[in-house]
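Below are the chains, spelled out letter by letter.
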Amino acid sequence: MQYHQLLYLVRAAQYGSFRKAAKALGISQPSLSAAIISLEKELKIQLLTRTNKGIVVTPEGQQFVTLAQDIVNKTMMLQNLYHSGNAQPAIQTLNIATNPSQITLRTLREMRCQDPATDCRVSVRNLSVLECACSVRNQQSEIGVVFITSGQYKRYMEVFEDNQLEYNRVSTKRCCVNLSRHNPLYHRDLVEYQELLPFPLARFVEDELSLLDNVVCSIGTGRQDFRQVYYFDSDSSIISFIKQTDAIKFGFPWCREDYESIGVRCIDFVGNTQPLELGWIRRKNRALTQAAQRFVETLTRLFSDGKE
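Bear in mind that the values here come from a model prediction, so they are computed numbers and not experimental data.

Moving on: the packing of aromatic side chains. Overall, the coordinates contain nine aromatic pairs when judged by the stated rule. Seen in terms of ring centroids, Phe147 and Trp254 are 5.7 Å apart; in terms of plane orientation they differ by 35°. Their pairing is tilted. One end of the pair, Phe147, is in strand β5 (residues 143–149); the other, Trp254, is in the loop between β11 (249–251) and α10 (256–261), and 107 residues separate them in sequence. Note on Phe147: relative accessible area 5%, which makes it buried. Trp254 sits in the buried class, given a relative accessible area of 1%. Through a chain of ring-to-ring contacts, three or more aromatic side chains come together here, namely Tyr193, Phe226, Phe250 and Phe269.

Here's what the structure looks like:
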């Protein structure tokens, strides 16, 4: 067993693709595949398996890959700590799975402002909660930024536990509506749900634990009540759409200032709505890299209870 085999294995698990991992490492795909196959033969277990969506860590390989990730992370930390004055420091990597929102973008922007000199390769994947859990479990992402509806809290916790993930709560907010100057409700301070039905609804393509369905339908309004529904897979696409139309989206006021700085209002509803919890997930019993630790610290500082 050699360090380069562990590194290749960890990168293949993170990227979910031999081709992408080999490209990131600057080696040929056959060399990467051969190193991992040789490691599997030595251990006498299968660590990775191919699926129609790429490669995933096998159940038998979960613990081994987690330990290998720790070795790779600590080796990189030692290299950064003791590199010579004339040498180039190792470039950090940060892979994030996130429910589509402006929260991850704002956190990364703040990190950039705090430490613009740090070299870091960041990959952000917009996924549903269940897909975030799968991505973190399979080592494709180091952390996941997720939203938890109170009505589905128990189910989410079961999903995280089944996938050997640790959940960390950040804060809780209540639902609001986002709309632009093209919407006649733009200057309102409060709105009723029924007032929104004439306008197009922009929403995410979500999993079975749909945030919209659990938060909004709990008070009697859902996507079936809207004549026009547009589906997107990123918050930026939705914001661009509603900025140019009278469409609305349901959201939460964590990034109220960011939205309103670009002409998109966050308007509260009359009465209470079901709360939504912001949190992040990681694999259990695994140390975070420096980049991931900075990210979660910044996320918590920006969005913990009492922050907008």
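Taken as a whole, this structure holds nine salt bridges when the rule is applied. With a closest N to O distance of 3.3 Å, Arg109 and Asp258 form a salt bridge. One end of the pair, Arg109, is in helix α5 (residues 102–114); the other, Asp258, is in helix α10, and 149 residues separate them in sequence. Take Arg109: its relative accessible area is 41%, and that puts it in the partly exposed class. Residue classification places Asp258 among the buried residues on the basis of a relative accessible area of 17%. Sharing partners across several salt bridges, the network here consists of Arg106, Arg109 and Asp258.

The subject of this paragraph is unusual backbone geometry. Of note, the phi angle at Lys44 is positive, near 65°, even though the residue is not glycine. If you trace the backbone, Lys44 turns up in the loop between α3 (29–43) and β1 (48–51). Positive phi, close to 60°, is recorded for Gln164, a residue that is not glycine. In this structure, Gln164 sits in the loop between α7 (153–162) and β6 (165–174). Classification of Gln164 as partly exposed rests on a relative accessible area of 47%.

On to the packing of helix α1 (residues 3–15) against helix α2 (residues 18–25). Axis separation between α1 and α2 bottoms out at 8 Å; the angle between their running directions is 125°. As far as their axial angle goes, α2 and α1 are oblique. Crossing of α1 over α2 shows right-handed handedness. Of α2, the residues touching α1 (which contributes Leu7, Tyr8, Arg11, Ala12 and Tyr15) are Phe18, Lys20, Ala21, Ala24 and Leu25.

Of the two faces of strand β7 (residues 176–179), the one lined by Cys176 and Asn178 and the one lined by Val177 and Leu179 are each fully buried. The pairing of β7 with β11 spans three bridges and is antiparallel. Bridging from a neighbouring strand, Val177 pairs with Phe250 of β11. In terms of strand pairing, β7 meets strand β12 (residues 265–269) through four bridges, oriented antiparallel. Note that in β12 the partner of Val177 across the bridge is Ile267.

Ile248, Phe250, Phe295 and Phe303 are the most contacted members of the largest nonpolar core, which has 50 residues in total. Residues contacting Ile248, with those up to four places away along its chain left out, are Val177, Asn178, Leu179, Asn183, Leu196, Phe199, Pro200, Leu201, Ala202, Phe226 and Ile242. The next biggest cluster of nonpolar side chains, apart from the first, holds 23 residues, and it includes Ala12, Leu48, Val65 and Met76.

Here is what the cut-offs are and how they apply
- Residues numbered from 1 in each chain as written.
- Predicted model: local features only at pLDDT ≥ 70, side-chain atom pairs only at ≥ 80, totals over all residues.
- Heavy atoms only, no water.
- Phe/Tyr/Trp six-rings, centres within 6.5 Å; stacked < 30°, edge-to-face > 60°.
- Helix = DSSP H or I, 4+ residues; strand = E, 2+ residues; numbered from the N terminus.
- Buried < 20%, exposed > 50% of the residue type's maximum accessible area, 1.4 Å probe, protein only.
- Salt bridge = Lys/Arg side-chain N within 4 Å of Asp/Glu carboxyl O.
- Axes fitted to C-alpha atoms, helices over the stretch in contact; angles between N-to-C directions.
- Parallel < 35°, antiparallel > 145°, perpendicular 65-115°, else oblique.
- Left-handed = near helix turned anticlockwise from the far one by under 90°.
- Contact = heavy atoms within 4.5 Å.
- Pairing = 2+ DSSP bridges.
- Core = buried A, V, L, I, M, F, W, Y, C linked by side-chain atoms within 4.5 Å.

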